[in-house]
Amino acid sequence: MSQYQWNWSVVLEQVSGTEEFYYQWLAAGLGWTVATALSAWVLALVVGSLIGILRTVPSKPVAALATAYVEVFRNIPLIVQMFLWFFVLPELVPHNLGIWMKQSMPLPEFTTAVIALGFFTSARVAEQVRTGILALPRGQKNAGLAMGFTLGQTYRYVLLPMAYRIVIPPLTSEFMNIFKNSAVALAIGLTELTFQMRQITGEYAPANPIEVMTVVSALYLLVAFSVNRVMALIERKTRVPGYISGGH
Amino acid sequence: MNLDFSTLAGAQDFLWQGFKYSLTLTVSSMVFGIFFGTLLAMARMSSIKPLSLAAAGYVNLFRSVPLVLVIFWFYILVPLLTGVDVGAERSAFLTFAIFEAAYYCEIIRAGIQSIPRGQIAAGQAMGFSYGQNMRYVILPQAFRNVVPLLLTQTIVLFQDTSLVYVVGATDLLGAADKVAHRDNTLVEMYMLVALIYFSISFALSQAVKRLHARIAIVR
Amino acid sequence: MIQINNVSKWYGEFQVLTDCTTEVKKGEVVVVCGPSGSGKSTLIKTVNALEPFQKGEILVEGVSVGDPKTNLPKLRSRVGMVFQHFELFPHLSITDNLIIAQMKVLGRGRDEAMDKGLKLLDRVGLKAHAHKFPGQLSGGQQQRVAIARALAMDPIVMLFDEPTSALDPEMVNEVLDVMVELAQEGMTMMCVTHEMGFARKVASRVIFMDRGQIVEDCSKDDFFGHLDARSERARQFLSKILQH
């Protein structure tokens, strides 16, 4: 440690033998991290909401199916799920589709990462949405039905608007998780932020890993902070007067 | 598509070694994580400002960055700081203990905060010191309240140990991956690993659910 | 035994105690009453420093409660306290509730602590419940255990903070009976309570508080016997709670 050569400007240096600079690598990595996380989040919200709602409907088989979905995606590690989507699925689908997935699918790492991360997170979102719906007083659903709403309308106009407000805080933490979890995609070769860090510290600047790791960590902290602020803003904007917080 | 599990027999011992490593890492991280997490929680709730700020900083830092990144940190930093090349397997023990402590801390803190103020006052009124009150009154109740959460976090931790793959450690996934590449059985091996993780995590989470229901009835 | 001199306390801007001065002598039973929010619970909790205060001084047998150098656990171990919501430790059996502080704070051996605890449990009429957990007892039973738990520490004074106000009406008397007995044995007591029957029976003095101030501090006979000499606020309060 005593002979460690500190050089904080390492990220500003040019990559030897190329026209590029390290900070450009990091910026590109951050771009992929954000793009992956946001795309996967859209997928997770849509699928997760649907599954979460299905878990609360008064039909045993439907609810059981939705529960099975959640259990499968919750109980297999994300990195293994990534491998399943990336390496295993193309072998299990019809031959021609498999060939297309392996050879001509655009942005294979990005697409796979979004799908894997999206479905992985959807199971968690589904749990939150379900909890939110169940946290509403029982009378709410009956009140909706009594007014002549169909079950679908009752969900749409009565239950979901409140349920989503209740689950904003736990969804915030899932939203932050999706940014962190996107780093797992480096295992299938997505050139996101942590991938770039490994690239830089591993092969190109082995003498200055601490500086690079610090910069990268700071970028993640910045992302976490921004997400937190955005969600706090949403929570404030959607607050219902006189309603403190969920479940009571 | 033909699945070929014929090479499995020869790889059994290697996979078992990897699986044992995954379990050892999980249990050790749970034990040290809960221990440090408890100390962190007490520090976070301390009235000594610098102490609580430091603990809050620690927790927020580790909860804001990806575990994969932290695994790289320690994989690179530990040899750099100690001058000893401890290897991916051993540096992971430190990584996970330190990382998980931040998560366990928040669970335990929630548990402590769920204890009614009257209980704390009652302990004080009996003449318990801060430490005695923690030890005999607050922590036993706090832990009891959050046992399901601690166990759920441990299931997450068990799954997260698969991330040591990224630094080349031979855990269950790492072992399966090595076998897969040697025998060219990627599909079989990854499916097998998924099945193992699923069976264990699912069984444990069902058990936790039942425990949760039991505790809920007793209260 | 307890001297409270010019004690004031604020929650931020809001003053909850204003210049309170009184004392509890050895063997006295002092009842503190007043409307809710009058500061009576806060006052009794300042005596064993469960509530800090910003001005004034409290002495328990000459030991200053507010002094940062005071060994609070030691002081508290000599002052018994009974809470509105019992506050038995739910994870411990009745026996363990009775002995844990004796062993860990006073350093008594298990046998000695057990002996003492069971004797007191017998005294409050609950010996048969020794092995149970707090959640298995009724409110009145829990409160009697809580009294036994406090007595097991051989306190020099007992503080009661609305000991019957969380109880169902039919359980109030079993707790008051224990308290009356205790008072008649000469225990020094400070009780925040609305039970005026109890006050009439055993109180040496009655303190009436309103809006953080001690409005009345006089003998039981003066308090109940010469209502016309009492302040307007005290009379109003009494007429409200004695109406039925």
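Residues numbered from 1 in each chain as written. Chains lettered and ligands numbered in written order. Predicted model: local features only at pLDDT ≥ 70, side-chain atom pairs only at ≥ 80, totals over all residues. Heavy atoms only, no water.

1. Description of the overall build of chain B
What counts, and what does not: Helix and strand assignments come from DSSP, with helices taken as H or I runs of at least 4 residues and strands as E runs of at least 2, each series counted from the N terminus. Working definition: with a 1.4 Å probe on protein chains only, accessible area under 20% of the residue-type maximum means buried, over 50% means exposed, and in between means partly exposed. We call two residues in contact when some of their heavy atoms are within 4.5 Å. Every accessible area reported is derived by Shrake-Rupley at a probe size of 1.4 Å, with residue values counting cover from the shown protein chains alone.
Broken down by element type, chain B carries eight helices and zero strands. Listed N to C, the secondary structure of chain B is α-α-α-α-α-α-α-α in terms of helices and strands. When its C-alpha atoms are laid out on the principal axes, chain B stretches across 70 × 50 × 25 Å. Going through the 219 residues of chain B one by one, you find that 52% of them count as buried. In chain B, the proportion of contacts linking residues at least 24 apart, taken out of those at least 6 apart, comes to 75%. When the accessible surface of chain B is summed, it comes to about 10,000 Å², and 66% of that surface belongs to carbon and sulfur atoms.

2. A closer look at unusual backbone geometry
For N184 of chain B, which is not glycine, the phi dihedral falls at a positive 55°. Note on placement: N184 of chain B falls in the loop between α7 (172–183) and α8 (186–218). On the basis of relative accessibility, which here comes to 65%, the residue N184 of chain B falls in the exposed class. Residues other than glycine seldom take positive phi values, yet N6 of chain C does so here, at roughly 50°.

3. Describing the confidence of the model for chain B
As a reminder of what qualifies: By definition, pLDDT measures how confident the predictor is in each residue, and it falls between 0 and 100.
Summary statistics for chain B give a mean pLDDT of 91 and a share of 97% for residues scoring 70 or more. At the level of chain-chain contacts, confidence expressed as ipTM amounts to 0.90, with global pTM at 0.84.

4. Some remarks on the packing of aromatic side chains
The test is simple: Aromatic pairs are defined between Phe, Tyr and Trp rings, using the six-membered ring for Trp, whenever the two ring centres lie within 6.5 Å; interplanar angles under 30 degrees are classed as stacked, those over 60 as edge-to-face, and all others as tilted. Note on geometry: a ring has a charge over it if NZ (lysine) or CZ (arginine) is within 6 Å of the ring centre and within 35 degrees of the ring normal.
Under the defined criterion, the tally for this structure stands at 26 aromatic pairs over all chains. Measuring from ring centre to ring centre gives 5.2 Å for F83 of chain A and Y165 of chain B, while their planes differ by 75°; the resulting arrangement is edge-to-face. Taken together, the residues span two chains, with F83 of chain A in helix α3 (residues 78–92) and Y165 of chain B in the loop between α6 (130–160) and α7. Side by side, F83 of chain A and Y165 of chain B carry an identical accessibility label, which is buried. What links up through ring pairs into an aromatic cluster is the set F83, F86 and F87 of chain A together with Y165 and Y190 of chain B. Cation over ring: R63 of chain B sits above Y103 of chain B, and NZ or CZ is 4.8 Å from the ring centre. R200 of chain C extends its terminal NZ or CZ atom over the ring of F224 of chain C, reaching a point 4.6 Å from the ring centre.

5. Thoughts on the interface of chain A and chain B
Definition in use: Buried area is a sum: the accessible area each of two parts loses on coming together, probed at 1.4 Å, counted once for each and added. By definition, a salt bridge exists where a carboxyl oxygen of Asp or Glu is found within 4 Å of a side-chain nitrogen of Lys or Arg. Under this definition, polar contacts are N or O atom pairs within 3.5 Å; protein pairs additionally need one hydrogen-donor-capable and one acceptor-capable atom, and for neighbouring residues in sequence, both atoms have to be side-chain atoms.
At the junction of the two partners, chain A supplies 33 residues and chain B supplies 34 residues. Together, the buried faces of chain A and chain B total about 3,000 Å²; carbon and sulfur atoms form 79% of this surface. Between K209 of chain B and E71 of chain A there is a salt bridge; the shortest N-O distance is 3.4 Å. Here chain A and chain B share five residue pairs in polar contact (both at pLDDT 80 or more) between them. Secondary structure elements with two or more residues in the side of chain A that touches chain B: α2 (60–74), α3, α8 (193–204) and α9 (209–237) of chain A.

6. Here we look at the sheet that holds strand β3 (residues 29–33) of chain C
Residue and element names in this part refer to chain C. Threshold: If DSSP finds at least two bridges between two strands, the strands pair. Only C-alpha atoms enter the line fits that serve as axes; for helices the fit covers just the stretch in contact. Angles between N-to-C directions range over 0 to 180 degrees.
The sheet built from six strands is open, its strands ordered β6-β7-β8-β3-β9-β10 with mixed pairing. For this open sheet the edge positions go to β6 (79–82) and β10 (213–219), each flanked by a neighbour on one side alone. Strand-to-strand, the axes of this sheet are offset by a mean angle of 15°, without reference to chain direction. By the bridge criterion, four bridges tie β6 to strand β7 (residues 157–161) in an arrangement that is parallel.

7. Details of the nonpolar core
We count it as follows: Within this scheme, the nonpolar core is defined by two criteria: the residues are buried Ala, Val, Leu, Ile, Met, Phe, Trp, Tyr or Cys, and they are joined through side-chain atoms within 4.5 Å. Just so you know, the domain bounds were taken from an automatic or database domain assignment.
Residues I79 of chain A, V166 of chain B together with I2 and M190 of chain C are the most contacted members of the largest nonpolar core, which totals 164 residues. If you tally residues by element for this core, the top one is helix α7 (residues 151–181) of chain A, at 14 residues. Formed jointly, this core draws a minimum of three residues from each of two domains, domain 1 (1–78 + 172–243) and domain 2 (86–155) of chain C. Setting aside residues up to four positions removed in sequence, I79 of chain A forms contacts with V184 and A187 of chain A together with S162, L163, Y165, V166 and L173 of chain B. By size, the runner-up hydrophobic cluster in this structure holds 51 residues, among which are I147, M179, M187 and F208 of chain C.

8. Points about the sheet that holds strand β1 (residues 2–11) of chain C
Residue and element names in this part refer to chain C. Strand order in this open sheet of four strands is β2-β1-β4-β5, and the pairing throughout is antiparallel. Here the strands that pair on one side only, and so sit at the sheet edges, are β2 (14–24) and β5 (63–64). Bridge count for β1 against β2 is seven bridges, and the pairing is antiparallel. Across the sheet, the residue bridging to I2 is V24, located in β2.

9. Overview of the environment of V79 of chain C
Relative to the helices and strands, V79 of chain C is located in strand β6. Judged by relative accessible area, which is 2%, V79 of chain C ranks as buried. For the pair formed by V79 of chain C and V157 of chain C, sequence separation is 78 residues and the distance between their alpha carbons is 5.4 Å. Discounting chain neighbours no more than four positions away, the residues touching V79 of chain C are A125 of chain B together with N48, V60, P155, V157 and L159 of chain C.

10. What to know about the interface of chain C and chain B
As a reminder, the rule being used: The nonpolar class holds Ala, Val, Leu, Ile, Met, Phe, Trp, Tyr, Cys and Pro. Asp, Glu, Lys and Arg form the charged class, and all remaining residues, Gly among them, are polar.
Opposite the 20 residues of chain C that make contact, chain B presents 17 residues. Counting the surface lost from both chain C and chain B, the interface buries some 1,700 Å², and carbon and sulfur atoms represent 66% of this. There are zero salt bridges connecting chain C and chain B. Sorting the residues of the side of chain C that touches chain B by element identifies α2 (72–78), β6 and α3 (94–104) of chain C as the ones contributing at least two each. Of the residues contributing to the side of chain C that touches chain B, the split by class is 13 nonpolar, three polar and four charged.

11. Some details on the UniProt feature "transmembrane region" (unreviewed entry) in chain B
Note the cut-off: UniProt positions are given in the numbering used here, feature names are shortened, and annotations may be inferred rather than shown by experiment.
Following the UniProt record, one finds the feature "transmembrane region" (unreviewed entry) at residues 20–43, 55–76 and 189–208 of chain B. Split by type, residues 20–43 of chain B is 100% helix and 0% strand. Its first and last C-alpha atoms lie 34 Å apart.

12. Some remarks on α6 of chain B
Worth spelling out the cut-off: Any helix carries an expected span of 1.5 Å times its number of residues minus one. For a residue, the bend is simply the angle between two axes, fitted respectively to the seven-residue segment ending there and the seven-residue segment starting there.
The end-to-end C-alpha distance of α6 of chain B is 36 Å, clearly below the 45 Å that 31 residues give at a rise of 1.5 Å each. The largest bend in α6 of chain B comes to about 60°, at V146 of chain B, with the proline P148 of chain B one to four residues further on.

13. Comments concerning the pairing of strand β4 (residues 55–60) of chain C
All names here are of chain C. The sheet contact formed by β1 and β4 spans five bridges and is antiparallel. Its bridge partner lying in β4, I2 is registered against V60. Two elements, β4 and β5, share two bridges in a ladder whose sense is antiparallel. Bridge pairing in β5 places L59 opposite S64.

14. Some words on the UniProt feature "transmembrane region" (unreviewed entry) in chain A
With numbering matched to this structure, UniProt assigns "transmembrane region" (unreviewed entry) to residues 30–54, 66–87, 107–125, 145–167 and 212–231 of chain A. Counted over residues 212–231 of chain A, helix gives 100% and strand 0%. Its end C-alpha atoms are 29 Å apart.

15. Focus: helix α6 (residues 169–184) of chain C
All names here are of chain C. Helix length check: α6, at 16 residues, gives a terminal C-alpha distance of 23 Å against a target of 22 Å (1.5 Å per residue), a fit within 8%. Taken together, the buried positions of α6 are M171, V172, V175, L176, V178, M179, V180, L182 and A183. Those residues of α6 hidden inside the fold are in contact with β3, α4 (110–123), α5 (139–151), β7, β8 (189–192) and α7 (196–202). Two residues or fewer past α6, G186 is found with a positive phi of approximately 100°.

16. Details of a nonpolar patch on the surface
Residue and element names in this part refer to chain B. How we decide: Surface patches are defined over residues having more than 30% relative accessible area and no salt bridge, joining like charges when they lie within 9 Å and nonpolar side chains (Val, Leu, Ile, Met, Phe, Trp, Tyr) when within 5 Å.
Together, V27, V31, F32, F35, F36 and L39 make up a nonpolar patch on the protein surface, roughly 570 Å² of accessible area in all. Assignment of secondary structure puts F36 in helix α1 (residues 8–44). On the basis of relative accessibility, which here comes to 37%, the residue F36 falls in the partly exposed class.

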